[in-house]
Amino acid sequence: MSETRSTMAAMKRPFKDHRATHFSFETSADGRVATVRLNRPERKNPLTFESYAELRDLFRDLVYASDVRAIVLAGAGGNFSSGGDVFEIIEPLTRMAMPDLLAFTRMTGDLVKAMRRCPQPIVAAVDGVCAGAGAILAMASDLRLATPEAKTAFLFARVGLAGADMGACGILPRIIGQGRAAELLFTGRAMTAAEGAAWGFYNALHPAADMEAKAQELARSLADGPWFAHGMTKTMLNQEWAMGLEELIEAEAQAQAICMATQDFRRAFEAFAAKAKPAFEGN
């Protein structure tokens, strides 16, 4: 059994020294909180073919991180992301044949799937422009904070496309409700930060000067918490969408029993009994 555990542990690797090419990636000193930052501020942080693919691969690989326990997703220069770059993505798409178009839309969808499947909670820190695929990245995150100036638009209809992009027709209604999602996806209008907070899209609003620090604080609290159990919560939040009542209650019974078998569960009890703060280790 110990050899098996060693083999599985060997599959994990630290991401503290990871370097990204098409966006920035950095971690806290202990490696527990990673910050992924879209960093083309002169263009309001648009996405390109290359950044889509690298983000997809990063979130896929974070399944094997031995250090990262929570992620902050942010933009540089006072904006989150303006979505797909008009000249580096939109224009080339108008010249592609169907097989290449489908490969592209599947790749962008794979980014959302990778974000949902990675065990680390993702906290989106949204300021300024959050549009198109940028709005999708915020939507695909687990928690979302914003500034009062944030404007979030699923503007696919404005470029002649369906609102059915990267899971928006399935995920957005589950966050803000069918009618509100339909309005945003049909019209492409911007959802104000106040609307986003009132509708449950944003968990909280903070002044621009404080917002990213608040996102880091939230991510840190998750990273220092029972992060194995947080990963289980994220998994069940995703899986239970397609379950009936009988299935989801049974699935949660199994998930919770797994968590009860961890040493973290025992550590929490022992710390409570000693009136101390538990130190979770993820096992």
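Rules behind the numbers
Throughout, a residue's number is its position along its own chain's written sequence, starting from 1. With the structure being a predicted model, the display of local features is reserved for residues of pLDDT at least 70 and the display and counting of side-chain atom pairs for 80 or more, all residues being used for whole-chain, interface and lining totals. The basis for every side-chain value is the complete set of heavy atoms in the structure, and neither hydrogens nor water enter the calculation. Between N-to-C directions, angles span 0 to 180 degrees; the directions come from axes that are lines fitted to C-alpha atoms, helices contributing only their stretch in contact. Comment: elements are numbered from the N terminus, with helices defined as DSSP H or I runs of at least four residues and strands as E runs of at least two. Oblique is the label for any angle not covered by the other classes, which are roughly parallel (under 35 degrees), roughly antiparallel (over 145) and roughly perpendicular (65 to 115). Only heavy atoms enter the contact rule, under which two residues are in contact if any of them lie within 4.5 Å. Only Asp, Glu, Lys and Arg are considered charged in this grouping, and only Ala, Val, Leu, Ile, Met, Phe, Trp, Tyr, Cys and Pro are considered nonpolar; every other residue, Gly among them, is considered polar. The definition of a polar contact used here is a pair of N or O atoms within 3.5 Å, where within protein one atom must be able to donate a hydrogen and the other to accept one, and adjacent residues in sequence count solely through side-chain atom pairs. A simple rule labels every residue: compare its accessible area, found with a 1.4 Å probe on the protein chains alone, to the largest value its type can have, and call it buried under 20%, exposed over 50%, or partly exposed in between. Think of a salt bridge as a Lys or Arg side-chain nitrogen and an Asp or Glu carboxyl oxygen that are within 4 Å of each other.

Undergrad: Any chance you could break down the packing of helix α10 (residues 227–239) against helix α11 (residues 245–260) for me, citing the residues and the numbers?
TA: Put simply, α10 and α11 touch, their axes get as near as 10 Å, and they point 170° apart. If you check the angle between α10 and α11, you find them roughly antiparallel. Of α11, the residues touching α10 (which contributes Phe228, Ala229, Met232 and Met236) are Ala251, Glu252, Ala255, Ile258 and Cys259. Each residue belonging to the contact of α10 with α11 can be placed in one class, and the counts come to eight nonpolar, no polar and one charged.

Undergrad: Tell me what's going on with the side chain of Ser28, and back it up with residues and numbers.
TA: Structurally, Ser28 can be placed in the loop between β1 (24–27) and β2 (33–38). Reaching out from Ser28, the side chain makes a polar contact with the side chain of Asp30 at a distance of 2.7 Å. Those residues in contact with Ser28, other than ones at most four positions away along the chain, are Lys16, Val33 and Arg220.

Undergrad: Please provide a residue-by-residue account of the pairing of strand β3 (residues 70–75), values included.
TA: Of all six residues in β3, six are buried, a share of seventy percent or more. Alternating positions in β3 separate into two faces, Ala70, Val72 and Ala74 on one and Ile71, Leu73 and Gly75 on the other, with burial throughout.

Undergrad: I'd love a proper account of the pattern of salt bridges, names of residues and values included.
TA: Throughout the structure, instances matching the rule amount to 19 salt bridges. With a closest N to O distance of 2.9 Å, Asp57 and Arg56 form a salt bridge. By relative accessible area, Asp57 is classed as partly exposed at 31%. For Arg56, a relative accessible area of 17% puts it in the buried group.

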